[in-house]
Amino acid sequence: MKLYETSYIKDIRNRYGFRFSKSLGQNFLTDKSIIDEIIEGADIGPEDTVIEIGPGIGVITREAARLAKRVIAVEIDKNLIPILDETLAGLDNVKIINEDILKLDTKQLVSGEKPENIKIMGNLPYYITTPIIMKLLEEGVKAESITIMMQKEVADRIRALPGTKAYGALSVAVQYYCTAEKILDVPRSAFVPQPNVDSAVLRLFMRREKPAALTDEKLFFKCVKAGFSQRRKTLLNSMQVLKGTDRDLIRDSLEAAGIDPARRAETLTIEEFAKIANEVDKRL
Ligand code: SAM
């Protein structure tokens, strides 16, 4: 029996009394060709350390371990740990950590390794996709790329360009840190149990140089959030929610940045947001 076969998953459920946890986003992959495409997309080499988020019963972990120098798999569900001990038996380059990825210091996991040899990957639980991605990016995780499966709609928002409906604070935040490439679309039929949404796999490449010079990175993200807080409003009106500002300060900053105050956030590039944030910073 193969790990990804539904009969194997059924056997494991019977033997271990394992129940899928909806609240932990447990939808396990059962399509070998999709597992292969994710592994190929992550471009794992013999010098690489892979950090896998949410191994489940280990379908991706096993394949990654064949190619990588080592795999560190972080799984929150303690009920899956004895199962992983069975499914990954004999692979001495895999370390399983029973932890919440959101509480873990990911930088410590791989201290001393070259960022270009660190690949992060995972089939993420839908309910915390954005917090996981933003945690990794904001804490400045050292990695070459992050290859992750997520709800298709979130993948579309991450890759969206200015002037589109999907473009928002998440697009700007992720694109500030990374460039994004779509590896594949995944239908809901590729999982057990089947989720209610379709998925997509993105590979996010960490930028070596940021797309804009900022005088205050935190303020930049606050400006982006403020701009998108009321999408239909003009920047002049939406950005006033920013603490410490008023209408005059926002108008002066926009004009100094060469941005028409009547524009809406969804039309701005990252560079334009950066110019605005730097002008707001001068006036706060
Ligand atoms: N990788 C497996 C696969 O593709 O079949 C399982 C993917 S399943 C969508 C998500 C996995 O992430 C589950 O095993 C779940 O228990 C785990 N998980 C959920 N929240 C987590 C967290 N905060 N930290 C680490 N793992 C988590």
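Residues numbered from 1 in each chain as written. Predicted model: local features only at pLDDT ≥ 70, side-chain atom pairs only at ≥ 80, totals over all residues. Heavy atoms only, no water.

Visitor: Break down the pattern of salt bridges for me, with residues and values.
Guide: Applying the stated criterion to the full structure yields 17 salt bridges. A salt bridge links Asp36 to Lys32; the nearest nitrogen and oxygen atoms lie 2.6 Å apart. Placement of both Asp36 and Lys32 in helix H2 (residues 32-42) is noted, with a separation of 4 residues, approximately one turn of the helix. (Salt bridge = Lys/Arg side-chain N within 4 Å of Asp/Glu carboxyl O. Helix = DSSP H or I, 4+ residues; strand = E, 2+ residues; numbered from the N terminus.)

Visitor: Before we move on, could you go through the pairing of strand E2 (residues 49-53) and cite the residues and values that matter?
Guide: Burial analysis of E2 places 5 of its 5 residues in the buried class, which makes it a mostly covered element. Both faces of E2 are covered, namely the face carrying Thr49, Ile51 and Ile53 and the face carrying Val50 and Glu52. By the bridge criterion, 5 bridges tie E2 to strand E3 (residues 70-74) in an arrangement that is parallel. Among the inter-strand pairings, Ile53 is bridged to a residue of E3, identified as Val74. For the crossover from E2 across helix H3 (residues 59-67) to E3, the handedness is right-handed. Where E2 lies against strand E5 (residues 118-123), 5 bridges are found, and the strand directions are parallel. Considered in E5, the bridge of Ile51 is made with Ile120. (Buried < 20%, exposed > 50% of the residue type's maximum accessible area, 1.4 Å probe, protein only. Pairing = 2+ DSSP bridges. Right-handed = clockwise from strand over helix to strand, strands pointing away.)

Visitor: Explain the site of the ligand to me, using residue names and the numbers behind them.
Guide: Taken together, 24 residues lie near the ligand, and Leu29, Gly54, Glu75, Asp100 and Asn123 sit nearest. Interatomic distance of 2.8 Å between a backbone N/O atom of Gly54 and a nitrogen atom of the ligand. In the model, an oxygen atom of the ligand is placed 3.3 Å from a nitrogen or oxygen of the Gly56 main chain. Contact with the protein chains covers 99% of the free accessible surface of the ligand, which is 590 Å². If you list the elements that add at least two residues to the shell around the ligand, you get strand E1 (28-29) and H3. (Near = heavy atom within 4 Å. Polar contact = N/O pair within 3.5 Å; in protein donor to acceptor, adjacent residues only side chain to side chain. Areas by Shrake-Rupley, 256 points an atom, 1.4 Å probe, with all protein chains shown as cover.)

Visitor: Outline the environment of Val110, listing residues and values.
Guide: Inspection of the secondary structure assignment puts Val110 in the loop between helix H5 (106-109) and E5. Spatially, the C-alpha atoms of Val110 and Ile72 are 9.2 Å apart, while their sequence positions differ by 38 residues. Ignoring anything within four residues of it in the chain, the contact list for Val110 reads Thr49, Ile51, Ile72 and Ile118. (Contact = heavy atoms within 4.5 Å.)

Visitor: Tell me what's going on with the domain arrangement of the protein, and back it up with residues and numbers.
Guide: Each assigned domain of the protein is listed here: domain 1 (6-206) and domain 2 (217-283). The straight-line distance from the C-alpha centre of domain 1 to that of domain 2 is 34 Å. Taken together, the 12 residues of domain 1 in the interface contact 13 residues of domain 2. For the pairing of domain 1 and domain 2, the buried interface totals around 990 Å² over both sides, and the portion due to carbon and sulfur atoms is 68%. A per-residue breakdown of the area domain 1 buries against domain 2 is headed by Tyr167, Val172 and Tyr176, which together make up 49% of the total. Applying the counting rule to domain 1 against domain 2 returns 0 salt bridges. Across the domain 1-domain 2 interface, the total number found is 6 residue pairs in polar contact (both at pLDDT 80 or more). Split into classes, the residues belonging to the side of domain 1 that touches domain 2 amount to 7 nonpolar, 4 polar and 1 charged. (Domains from an automatic or database assignment. Buried area = accessible area lost by both parts, 1.4 Å probe. Nonpolar A, V, L, I, M, F, W, Y, C, P; charged D, E, K, R; others polar.)

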